[in-house]
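Here is what each chain is made of, one letter per residue.
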Amino acid sequence: MPKDIPNAASESQNIETDFCVIGAGSGGLAFAAAAVAFGQRVVLIEKHKMGGDTLNYGSVPSKALLATARRANTMRTASPYGIRDVEPLIDFAGVREHIKSTIARAAPNASPERFAGLGVRVIAAAAKFVDKSTVTAGDFRITARRFVIATGSSPVILPIPGLQDVPYFTNETIFENAKPLAHLIVIGSHATGLELAQAYRRLGSQVTVLEAGRALGDEDPELAAVLLTKLYDEGVAIREGVRVTRVAGEQGRIAVEIETPDGPERIEGSDLLIVAGRKSNVADLGLEAAGIKSTSDGIKVNAGLRTRNRRVYAIGDVIGGPLSSHAAAEHAEVVLWRTLFRLRAKAAGRALPRVVFTEPELAHVGLSETEARAKYGKIRVLRWPYHENDRAQAERETDGHIKVVTSKRGEILGAGIVGAQAGELIQMWALAISQGLKIKAMTEWVSPYPTLSEINKRAAFRYFATSPSNPYVRKVIALLAKLG
Ligand SMILES: Cc1cc2nc3c(=O)[nH]c(=O)nc-3n(C[C@H](O)[C@H](O)[C@H](O)COP(=O)(O)OP(=O)(O)OC[C@H]3O[C@@H](n4cnc5c(N)ncnc54)[C@H](O)[C@@H]3O)c2cc1C
Ligand SMILES: NC(=O)c1ccc[n+]([C@@H]2O[C@H](COP(=O)([O-])OP(=O)(O)OC[C@H]3O[C@@H](n4cnc5c(N)ncnc54)[C@H](O)[C@@H]3O)[C@@H](O)[C@H]2O)c1
């Protein structure tokens, strides 16, 4: 039994249960906790670390590293607030300790002890289907009424010539680093790449990001430009449209050859980080024996997250699509509604927010402007800048703006925010879209002053911006005035 999961069940036996959940990351844990709360018998199988990527190699450690980097940056940029700037002395062993202790403090929520206490039977082993209704895990043979596959994803290791002979980091190793990285070369420039690029830049590294396509290619270019400009200003070099053709070197001396629109080039750095996409964890799951179909995008599921095998559902990163801890947890809810209550729940789809946790943050929910135009033709685009907000001025967090897209009739189709606390501010738009609220509703609440949230209301009011000068509105006002 892997020592990461102490006190887990260990005796050899056959188990018959209501639900067998494979993988104890965000998706698997959410499902197991909810199903057992409804009185179901639940077996949860985890082959490595409880908490999955979120706790061990993803959201939690990356946000801990970003918090350190933010403090370092605050020290360097304090003078506008009346405090003399100082160059921080970074203790990299201390940074690693901060990350480790953050994980340790969050770990009890995902511990086998907690789940055993809830009534879940936790098994520490690799799970594999042997037929359509049986999974083996270590010495156990589990038959279940329903199975939930939540095995997550792993970093894609690009087939770059020379890579096999060169040391490199992935998200599974970078958070263990305890030394300064003189020049970090990052391959991949989406959320993971840019969060880590900014963090290491702020910890004193020279950072070069190499991107095959466009940096933040899936995001609204107007909002992405604000973030990319900020990263550029901080000294992160982002090279877009480049193809990595070869890597060579050793620890501390890495050479990356790239093909650029202007010809070949060679970049020398000290360390390499590969964050260029994810692949679903399906190898060795025995999917064929279970009659489950999987492609390079992940396990195939229908709108209710059910696989071709009627007993088996799949949730989270393993089904591809938008990958996030909250998507995995939301999938768990859908499967719960489907399997316990036979309700036709569906994944959030367009109401699923996403956030890049750089500074400024970049958050989005719903349709982008381009998607909305393609689908609805005529749309309204409402914007409000942070610099018009008093709290943003006081905090000197004035970079960025909100952009809301509505239909002509005021249906809220999407919202994007680039700026301070964008990940918090986007939430009311996620609520609005999920509840089908119209833009008028977003003007009919009181926003405490001075808060950044006021930009949400100000953007919504832009929908009615022409009302004060509308001749009909003026006529009505004049008419009412005559009444005394
Ligand atoms: C650096 C980084 C930062 C991120 N930051 C964020 C963020 O800020 N916010 C956000 O929402 N998302 C973030 N993500 C994405 C997020 O981590 C994933 O989307 C999320 O972890 C997916 O959850 P999951 O349950 O599908 O899979 P995982 O969390 O990966 O869990 C899957 C589990 O299944 C286990 N497993 C696999 N195969 C088997 C098997 N055969 N038998 C038993 N167990 C098995 C694995 O060991 C693992 O523990 C980040 C990702 C990375 C890499
Ligand atoms: N804040 C968050 O919510 C958060 C943070 C990190 C990751 N995640 C999620 O985890 C998943 C993985 O993120 P990710 O950033 O690792 O992967 P990604 O797939 O989102 O982005 C990978 C990037 O690497 C580029 N790329 C691919 N091959 C390349 C090559 N040969 N050379 C140069 N560039 C190349 C791609 O064009 C893309 O821009 C995503 O779905 C992401 O949304 C979420």
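What you are looking at is a predicted structure, and each value in this text was computed from that prediction instead of being measured.

Cut-off values and rules
Residues numbered from 1 in each chain as written. Chains lettered and ligands numbered in written order. Predicted model: local features only at pLDDT ≥ 70, side-chain atom pairs only at ≥ 80, totals over all residues. Heavy atoms only, no water. Core = buried A, V, L, I, M, F, W, Y, C linked by side-chain atoms within 4.5 Å. Buried < 20%, exposed > 50% of the residue type's maximum accessible area, 1.4 Å probe, protein only. Helix = DSSP H or I, 4+ residues; strand = E, 2+ residues; numbered from the N terminus. Contact = heavy atoms within 4.5 Å. Pairing = 2+ DSSP bridges. Axes fitted to C-alpha atoms, helices over the stretch in contact; angles between N-to-C directions. Near = heavy atom within 4 Å. Polar contact = N/O pair within 3.5 Å; in protein donor to acceptor, adjacent residues only side chain to side chain. Areas by Shrake-Rupley, 256 points an atom, 1.4 Å probe, with all protein chains shown as cover. Expected span 1.5 Å × (residues − 1). Domains from an automatic or database assignment. Nonpolar A, V, L, I, M, F, W, Y, C, P; charged D, E, K, R; others polar. Phe/Tyr/Trp six-rings, centres within 6.5 Å; stacked < 30°, edge-to-face > 60°. UniProt positions renumbered as here; feature names shortened; annotations may be inferred.

**Concerning the nonpolar core**
In step 1: Membership of the largest hydrophobic core comes to 87 residues, with the highest contact counts inside it found for Phe-31, Ile-142 and Ile-149.
In step 2: Residue contributions to this core peak at six residues, all from strand S6 (residues 140-149).
In step 3: Look past the residues within four positions of Ile-142 in its chain and what remains in contact with it is Ile-15, Thr-17, Cys-20, Val-43, Ile-45, Ile-123, Ser-133, Thr-134, Val-135, Ala-137 and Phe-147.
In step 4: If you look at the next biggest cluster of nonpolar residues, it comprises 28 residues, including Val-365, Ile-417, Leu-425 and Ala-459.

**A short note on the sheet that holds strand S9 (residues 206-211)**
In step 1: One open sheet accounts for four strands, arranged S10-S9-S8-S14; its pairing is parallel. Here the strands that pair on one side only, and so sit at the sheet edges, are strand S10 (236-240) and strand S14 (271-274). Each strand of the sheet is rotated relative to its neighbour by a mean of 20°, with strand direction disregarded.
In step 2: One ladder, built from five bridges, connects S9 with S10; its direction is parallel. Following the sheet pairing, Val-209 is matched in S10 by Ile-238.
In step 3: Where helix H6 (residues 191-202) meets the sheet, its contacts fall on strand S8 (183-187), S9, S10 and S14, and the angle it forms with S9 comes to roughly 165°.

**As for the site of ligand 2**
In step 1: Ligand 2 sits among 18 residues. The nearest are Thr-192, Glu-195, Glu-211, Ala-212 and Val-355.
In step 2: Note that an oxygen atom of ligand 2 is positioned 2.6 Å from one of the side-chain N or O atoms of Glu-211.
In step 3: The fraction of the free accessible surface of ligand 2 (840 Å²) that becomes covered by protein chains is 73%.
In step 4: Among the elements of the structure, H6 and S9 are those that each provide at least two residues to the shell around ligand 2.

**Some thoughts on helix H3 (residues 59-76)**
Because the α-helix completes a turn every 3.6 residues, residues three or four places apart line up on one side.
In step 1: A rise of 1.5 Å per residue sets the reference length of H3, with its 18 residues, at 26 Å; its end C-alpha atoms lie 26 Å apart and thus fit the reference within 8%.
In step 2: For H3, the complete set of buried residues consists of Pro-61, Ser-62, Ala-64, Leu-65, Leu-66, Ala-67, Thr-68, Ala-69, Ala-72 and Asn-73.

**A look at the pairing of strand S4 (residues 127-131)**
Two faces, one strand: in a regular strand the side chains alternate between the faces of the sheet.
In step 1: One ladder, built from four bridges, connects S4 with strand S5 (residues 134-137); its direction is antiparallel. Among the inter-strand pairings, Lys-128 is bridged to a residue of S5, identified as Thr-136.
In step 2: Hairpin geometry of S4 and S5 is characterised by an intervening segment of two residues between the two adjacent antiparallel strands.

**Quick notes on the domain arrangement of the chain**
In step 1: The assigned domain composition of the chain is domain 1 (14-50 + 111-155 + 279-347), domain 2 (163-276) and domain 3 (351-469).
In step 2: Between the C-alpha centres of domain 1 and domain 3 there is a distance of 36 Å.

**Overview of the site of ligand 1**
In step 1: In the vicinity of ligand 1 there are 37 residues, among which Gly-27, Glu-46, Lys-63, Asp-317 and Ser-325 approach most closely.
In step 2: In the model, a nitrogen atom of ligand 1 is placed 2.9 Å from a nitrogen or oxygen of the Ala-127 main chain.
In step 3: Look at ligand 1: alone it shows 1,000 Å² of surface, and the protein chains cover 92% of it.
In step 4: Sorting the residues of the shell around ligand 1 by element identifies helix H1 (26-37), strand S2 (42-46), helix H2 (52-56), H3 and helix H9 (325-341) as the ones contributing at least two each.
In step 5: Residues of the shell around ligand 1, tallied by class, amount to 12 nonpolar, 18 polar and seven charged.

**Some words on the side chain of Gln-198**
In step 1: Locating Gln-198 in the fold gives a position in helix H6.
In step 2: Not counting chain neighbours up to four residues away, the residues in contact with Gln-198 comprise Leu-231, Glu-234, Val-236, Thr-358 and Glu-359.

**With respect to the packing of aromatic side chains**
In step 1: Under the criterion given, the structure shown has five aromatic pairs.
In step 2: Pairing Phe-38 with Phe-341 gives two aromatic rings, centres 5.4 Å apart and planes at 85°, and the pair type is edge-to-face. Highlighted residues: Phe-38 in the loop between H1 and S2 and Phe-341 in helix H9, separated in sequence by 303 residues.
In step 3: Judged by its relative accessible area of 46%, Phe-38 is partly exposed.

**Focus on H9**
In step 1: In this model, H9 (17 residues) spans 24 Å end to end at C-alpha, consistent with the 24 Å of a helix rising 1.5 Å per residue.
In step 2: Those residues of H9 that sit buried are Ala-327, Ala-328, Glu-330, His-331, Ala-332, Val-334, Val-335, Leu-336, Arg-338 and Thr-339.
In step 3: Contact partners of the buried residues in H9: strand S1 (13-22), H1, S6 and strand S18 (312-314).
In step 4: One or two steps after H9, the chain reaches Arg-342, where phi turns positive at roughly 60°.

**Digging into the UniProt feature "domain: FAD/NAD(P)-binding" (unreviewed entry) in the chain**
In step 1: UniProt annotation of "domain: FAD/NAD(P)-binding" (unreviewed entry) refers to residues 18-332 when read in the numbering used here.
In step 2: Across residues 18-332 one finds 30% helix and 28% strand; the C-alpha atoms that close the span lie 15 Å apart.

**Details of the UniProt feature "binding site: NAD(+)" (unreviewed entry) in the chain**
In step 1: Here, UniProt's "binding site: NAD(+)" (unreviewed entry) annotation points to Gly-188, Ser-189, His-190, Ala-191, Thr-192, Gly-193, Leu-194, Glu-195, Glu-211 and Gly-277. The annotated residues occupy 90 residues of the chain but converge on a single region, no pair of C-alpha atoms lying more than 14.3 Å apart.
In step 2: Within the secondary structure, Ser-189 sits in the loop between S8 and H6.
In step 3: At 2.7 Å, the side chain of Ser-189 forms a polar contact with the side chain of Glu-211.
In step 4: When its relative accessible area of 0% is taken as the criterion, Leu-194 is described as buried.
In step 5: Dropping the residues within four chain positions of it, Leu-194 is found in contact with Ser-189, Val-209, Leu-216, Leu-228, Leu-231, Ile-238 and Thr-358.

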